[in-house]
Every structure is written in structure tokens, then in C-alpha cells.
Amino acid sequence: TRIRRELEAQGYAGGRSILTDYVRSIRPAAAPRKQVWRRFETSPAEELQLDWSTYTVPIAGVLRRVEVFTALLAWSRRAHAHAYENQRQSTLLEAHERAFADHQGVTARVVLDNMSTAVLGRVERDGRLEPLWHPRYRDFAAHYGFRAFACKVSDPDRKGKDERFFYYLEQDFIRGGAWESLEALNAALRRWLDEVANKRVHGTTRRVPDAAWAEERPLLTPLPALRFGACDEELRKVGPDSVLSIRGTSYTVPAALAHQTVTVRLYSDRFEVL
């Protein structure tokens, strides 16, 4: 279309098809471009790769969107996965904590993409673009003692081990499944991880992930005594009928709290009123 537009400015009055045929006849054949990857492996307890993937699945007979978080130990290939209702920052941090507890420790480096709940953007430092970390995520990383690493924009291959696990998860667990509730989905997902995914012989390492994890686990950084506190904390006013609205649903609280302002801690699957 651009060539035709330029030729028409020079007096061309022909049609598009004849021009297309002519351009095709003189265009040089493009050399096939084959992408080359350099496979790499990391040392035990060195790296954890994590990400989100969105699925639409039947829950109680209704199609619902769920956000599945996975965290894969790069050396042993042991996987953690859990489904959530959203990808809020508090949910992301809670998902980290659940994965750390499942793996019973933290790696030296955590690799993730440029999700806005962790990376605010990129800034130039010494001629290179470096991630600008969200202050809360930076504090979270310091609390658990890991170095966060953000992949280059549109570079899924850097954390290809976790990306490959999503494909396996969809093929072997998600596709064709139906559950009565999100809790039932997560219970089934836990069984699949324990009985199938982490018990199979991995195609690349030729080892069972759980067996390799038994060697990797003593080298992971131990979890701190206190959790970071990944929930959202808000002040809410209790109504005269002792009712509190949480994410669009009304809940009753003790009558002594009527007319008072209370602190509410919001987690992915529960809330607490202080």
C-alpha cells in the first residue's frame, strides 16, 4: 500500500493486484532466520523463576477467570503453583510467601518479568536500563534476603523453565478440568503437584524434582521468624447494624464494634478485623 501510494503521486493509475504481482516478482527471497538459544543451568539454591498465568475454567458450573501463580526452583525443577482471584500486589507478595514456605527456603535470586506490582519502570544507569523496583517489593526482597532480577521486556526465554512448566500445567492439569470452588481447585492442584508433577522424571534433568529438591533444600536461605505482612491494611467504619462491607460483600461483626472505626487486614482468601 505504501508503494502504491508513492507511485500514484507520480501518476500511476493501475490497480493493486497488478502492482502486487510485480513487487512479488522482483522482491529478493528472504533468507530463513533460525533463532538460536544458549541453554544454561544454575547451581542449587541459586535461582527461583516465577510468573502468573490467567486461565478461564469451570467453577461450580460457571466459567471463571483464575490467576495461577507458579514458582519453580531452577536447579531441582520442583514446582509450586496456587490459584488466586487477582494479581494485586498484596496477592503477589502472599503468593511469594506461600511458595517460599512450600519450598522451605529462599533462593539467592528470584527471576520475574516486568509486572507493575514489582517493577515501576526502567531507568538508565551507567548507560544501561535498570529496573526501578516498587519500594514495597524492594523491602519484601530485603526481608527475605533474595536479589530480585527482572527479565528484559518481552524476553520470556530468560525464565523459560517456568514458562515451560505453564505449558505442562495447562496440558496435564488445567485442560478439561472442572471444580466446585477455588478451594477445591487448589486442593486438586496440590495433589497434582505432590503426586504427579514433582514425582515425574523431568525431561531435561532426567531426575525426579522432589528427589533433587531434597539435595537443594539444605542450601536454601532459611525463612525469617516473622513474615513480611503481605496483606492490605485499611481503616473501615462499622455501620450502626454492626455490618462491615468487604469487597462488595456485607459481614456482621461483634455489636461492640458498631459505629467504630476498625483496622481490616485483607488477604487473598480471608480478612481479619482488629
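Reference entry: report on the structure contained in this document.

Basis of the calculations
- Residues numbered from 1 in each chain as written.
- Predicted model: local features only at pLDDT ≥ 70, side-chain atom pairs only at ≥ 80, totals over all residues.
- Heavy atoms only, no water.
- Helix = DSSP H or I, 4+ residues; strand = E, 2+ residues; numbered from the N terminus.
- Buried < 20%, exposed > 50% of the residue type's maximum accessible area, 1.4 Å probe, protein only.
- Polar contact = N/O pair within 3.5 Å; in protein donor to acceptor, adjacent residues only side chain to side chain.
- Contact = heavy atoms within 4.5 Å.
- Axes fitted to C-alpha atoms, helices over the stretch in contact; angles between N-to-C directions.
- Parallel < 35°, antiparallel > 145°, perpendicular 65-115°, else oblique.
- Left-handed = near helix turned anticlockwise from the far one by under 90°.
- Nonpolar A, V, L, I, M, F, W, Y, C, P; charged D, E, K, R; others polar.
- Pairing = 2+ DSSP bridges.

What to know about the side chain of Q89
Alright, step 1. In this fold, Q89 is placed in helix α3 (residues 89-103).
Alright, step 2. Taking the relative accessible area as the measure of exposure, Q89 reaches 15% and is therefore buried.
Alright, step 3. Within the structure, the side chain of Q89 is placed 2.8 Å from the backbone oxygen of T117, a separation counted as a polar contact.
Alright, step 4. Ignoring any residue separated from it by four or fewer positions in sequence, one finds Q89 in contact with T117, H134, R136 and Y137.

Looking at the packing of α3 against helix α4 (residues 135-144)
Alright, step 1. Their axes nearest at 11 Å, the elements α3 and α4 cross at an angle of 15°. Here α3 lies roughly parallel to α4, going by the angle between them. Remark: the crossing between α3 and α4 carries right-handed chirality. In this structure, α3 uses Q89, S90, L92, L93, H96, E97 and F100 to contact α4, whose residues at the interface are R136, Y137, F140 and Y144.

With respect to the packing of helix α5 (residues 160-174) against helix α6 (residues 182-197)
Alright, step 1. Between α5 and α6, the least distance of the axes is 12 Å, while the angle of their chain directions is 110°. The orientation of α5 with respect to α6, classified from their angle, is roughly perpendicular. Packed against α5, whose contacting residues are F165, Y168, L169, D172 and F173, the element α6 presents L185, A188, L189, W192, L193, V196 and A197 at the interface.
Alright, step 2. Of the residues contributing to the contact of α5 with α6, the split by class is 11 nonpolar, no polar and one charged.

A short note on the sheet that holds strand β8 (residues 232-237)
Alright, step 1. The strand order across the open sheet built from three strands is β8-β11-β12, with neighbouring strands paired in antiparallel fashion. The open sheet has two free edges, formed respectively by β8 and β12 (271-273), since each of these has just one partner strand. Here the strands of the sheet are splayed against their neighbours by 25° on average, with no regard to which way each runs.
Alright, step 2. For strand β11 (residues 261-266) and β12, the ladder comprises three bridges, and the chain directions are antiparallel. Counted as the bridge partner of R265 is E272 from β12.

Function cannot be read off these values alone, since they describe shape.
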